[in-house]
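Topology and contacts: notes
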Amino acid sequence: MTTDKVIVALDVPDLESAIALIDKIPQVSFWKVGLELFTSTGPAILEELKSRQKRIFLDLKFHDIPNTVAGACRSAAKYGVDLLTVHATAGSDALKAATAAVQTSSAQAGTKPPKLIAITLLTSISSRQLAFDLKIPLELPEFALQMALLAQESGLDGAVCSPQEVAQLRETCGKNFVLVCPGVRPSWADAGDQKRSLTPSQAIKAGADYLVIGRPITAAADPELAWHKIVEELNTVS
Ligand SMILES: O=C(O)c1cc(=O)[nH]c(=O)n1[C@@H]1O[C@H](COP(=O)(O)O)[C@@H](O)[C@H]1O
């Protein structure tokens, strides 16, 4: 099991806290920069990570009309990150426009295009919330699958899903579709606001390419120890 499969979420408020965390766990090779940190620091955090040869998941979860999503993807693709997110529920026109924008912008900037991946259904949403709050008349696994297929048909490289849906998405979307699973919880960690979790080893066995793990590592009293415990668990997966 390679540790490159674990992406740690840098969900901290500023550059200083981000650098402190990166320094605490030098073994982490893949970091996720999300809305909180990017809104605070802008691209400075990306430069910081690149100067340390880290891989970057820029998780800005674009969700807007096609023209706006395409513009945002054009801007983000110039940073030369590895993964970038949009919401599948932005619809096929927005997803296709995003795919095209990433390709042209990366080519113009001379950067490698990021893998564009779609959020299927946030891992903080339960079946009950899907039905009663969002009024979606589909079973949750079916909705997540349909969103992954919409992303695949629109030319995206992959999808973000909970570990509980990853086996079905893997089977239907094939081995080349990148599947990223947040909502991963070691047996010793708090669930927090995550509703559809599995453990790291279960998520990898079910077919995830990458796991996104935040608070079980970053909010631990000893983040490096928490990281080691997770790597040890993953090393038991053949
Ligand atoms: O796109 C994501 O990474 C994401 C999608 C999703 O459906 N659920 C989800 O939790 N995430 C992100 O994954 C990370 C999970 O963090 P923890 O719950 O602290 O492990 C957070 O940074 C979320 O923004």
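Described below are features of the structure shown in this document. (Residues numbered from 1 in each chain as written. Predicted model: local features only at pLDDT ≥ 70, side-chain atom pairs only at ≥ 80, totals over all residues. Heavy atoms only, no water.)

1. Quick look at the overall build of the protein
Across its full length, the protein holds eleven helices and eight strands. Over its C-alpha atoms the protein spans a radius of gyration of 17 Å, differing by no more than 12% from the 18 Å that the globule rule assigns to 238 residues. For the protein, the spread of C-alpha atoms along the three principal axes comes to 45 × 40 × 35 Å. The buried share among the 238 residues of the protein stands at 50%. In the form shown here, the protein has an accessible surface area of approximately 10700 Å², with 52% of it arising from carbon and sulfur atoms. Counting 23 positive and 26 negative side-chain charges, the protein places the centres of these two groups 3 Å from one another. (Helix = DSSP H or I, 4+ residues; strand = E, 2+ residues; numbered from the N terminus. Rg over C-alpha atoms; globule rule 2.2 N^0.38 Å. Buried < 20%, exposed > 50% of the residue type's maximum accessible area, 1.4 Å probe, protein only. Areas by Shrake-Rupley, 256 points an atom, 1.4 Å probe, with all protein chains shown as cover. Lys, Arg positive; Asp, Glu negative; His and termini not counted. Charge placed at Lys NZ, Arg CZ, Asp CG, Glu CD.)

2. What to know about helix 11 (residues 223–235)
Along an α-helix, a turn takes 3.6 residues, which lines up residues three or four apart on a common side. Over its 13 residues, helix 11 runs 18 Å from end to end, which matches the ideal 18 Å to within 8%, given 1.5 Å per residue. Taken together, the buried positions of helix 11 are P223, A226, W227, I230, V231, E233 and L234. Relative to the axis of helix 11, the buried residues are bounded by an arc of 160° and lie together on one face. Elements in contact with the buried residues of helix 11: strand 1 (6–9), helix 1 (15–24), helix 9 (200–205), strand 8 (210–213) and helix 10 (215–218). (Expected span 1.5 Å × (residues − 1). Arc of directions from axis to C-beta. Contact = heavy atoms within 4.5 Å.)

3. Some points on the packing of aromatic side chains
Scanning the entire structure with this criterion turns up two aromatic pairs. Relative to Y210, the ring of F30 has its centre 5.5 Å away and its plane inclined at 80°; by these criteria the two rings are edge-to-face. Linking F30 in strand 2 (residues 30–33) with Y210 in strand 8, this pair joins segments that are 180 residues apart in sequence. As far as burial versus exposure is concerned, F30 and Y210 are alike and both buried. Ring geometry for F38 against Y79: centres 6.0 Å apart, planes inclined by 65°, an arrangement best described as edge-to-face. Of the two residues, F38 is situated in helix 2 (residues 35–41) and Y79 in the loop between helix 4 (66–77) and strand 4 (83–87); the sequence distance between them amounts to 41 residues. For F38, a relative accessible area of 16% corresponds to the buried category. (Phe/Tyr/Trp six-rings, centres within 6.5 Å; stacked < 30°, edge-to-face > 60°.)

4. Brief notes about the packing of helix 7 (residues 140–153) against helix 8 (residues 166–173)
One can describe the packing of helix 7 onto helix 8 by two numbers: an axis separation of 10 Å at closest approach and a directional angle of 40°. Crossing hand, helix 7 versus helix 8: right-handed. In this structure, helix 7 uses P141, A144, L145, A148, L149 and Q152 to contact helix 8, whose residues at the interface are Q168, L169, T172 and C173. Residues belonging to the contact of helix 7 with helix 8 are distributed by class as follows: seven nonpolar, three polar and no charged. (Axes fitted to C-alpha atoms, helices over the stretch in contact; angles between N-to-C directions. Left-handed = near helix turned anticlockwise from the far one by under 90°. Nonpolar A, V, L, I, M, F, W, Y, C, P; charged D, E, K, R; others polar.)

5. A closer look at the site of the ligand
Taken together, the neighbourhood of the ligand is formed by 18 residues, with D11, K32, T123, R185 and R215 sitting nearest. The side chain of D11 places a nitrogen or oxygen atom 2.6 Å from an oxygen atom of the ligand. A distance of 3.0 Å separates an oxygen atom of the ligand from a polar side-chain atom of K61. Contact with the protein chains removes 90% of the 510 Å² of surface that the ligand exposes when unbound. At the level of secondary structure, the elements contributing two or more residues to the shell around the ligand comprise strand 3 (55–62), strand 8 and helix 10. Here the element with the most residues in the shell around the ligand is strand 3; it accounts for three residues. (Near = heavy atom within 4 Å. Polar contact = N/O pair within 3.5 Å; in protein donor to acceptor, adjacent residues only side chain to side chain.)

6. Thoughts on the pairing of strand 8
Side chains Y210 and V212 of strand 8 all project onto a buried face; the interleaved residues L211 and I213 project onto the opposite face, where all are buried too. Bridging between strand 1 and strand 8 involves three bridges; their strand directions are parallel. Within strand 8, the position partnered with I7 by the bridge is V212. As defined by bridge partners, strand 7 (residues 178–181) adjoins strand 8 across two bridges and the pair is classed as parallel. Residue pairing across strands places C181 opposite L211, the latter belonging to strand 8. Taken together, strand 7, helix 9 and strand 8 constitute a β-α-β crossover, and its handedness is right-handed. (Pairing = 2+ DSSP bridges. Right-handed = clockwise from strand over helix to strand, strands pointing away.)

7. Some thoughts on the side chain of E233
Of note, E233 is situated in helix 11. Of the side chains with opposite charge, K205 comes closest to the buried, unpaired E233, at an N-O distance of 7.8 Å. Among the polar contacts listed, one links the side chain of E233 to the side chain of S201, at a separation of 2.7 Å. Each residue touching E233, except ones within four places of it in the same chain, is listed here: P186, T199, P200 and S201. (Salt bridge = Lys/Arg side-chain N within 4 Å of Asp/Glu carboxyl O.)

In short, the description is geometric, and any link to function would need to be established separately.
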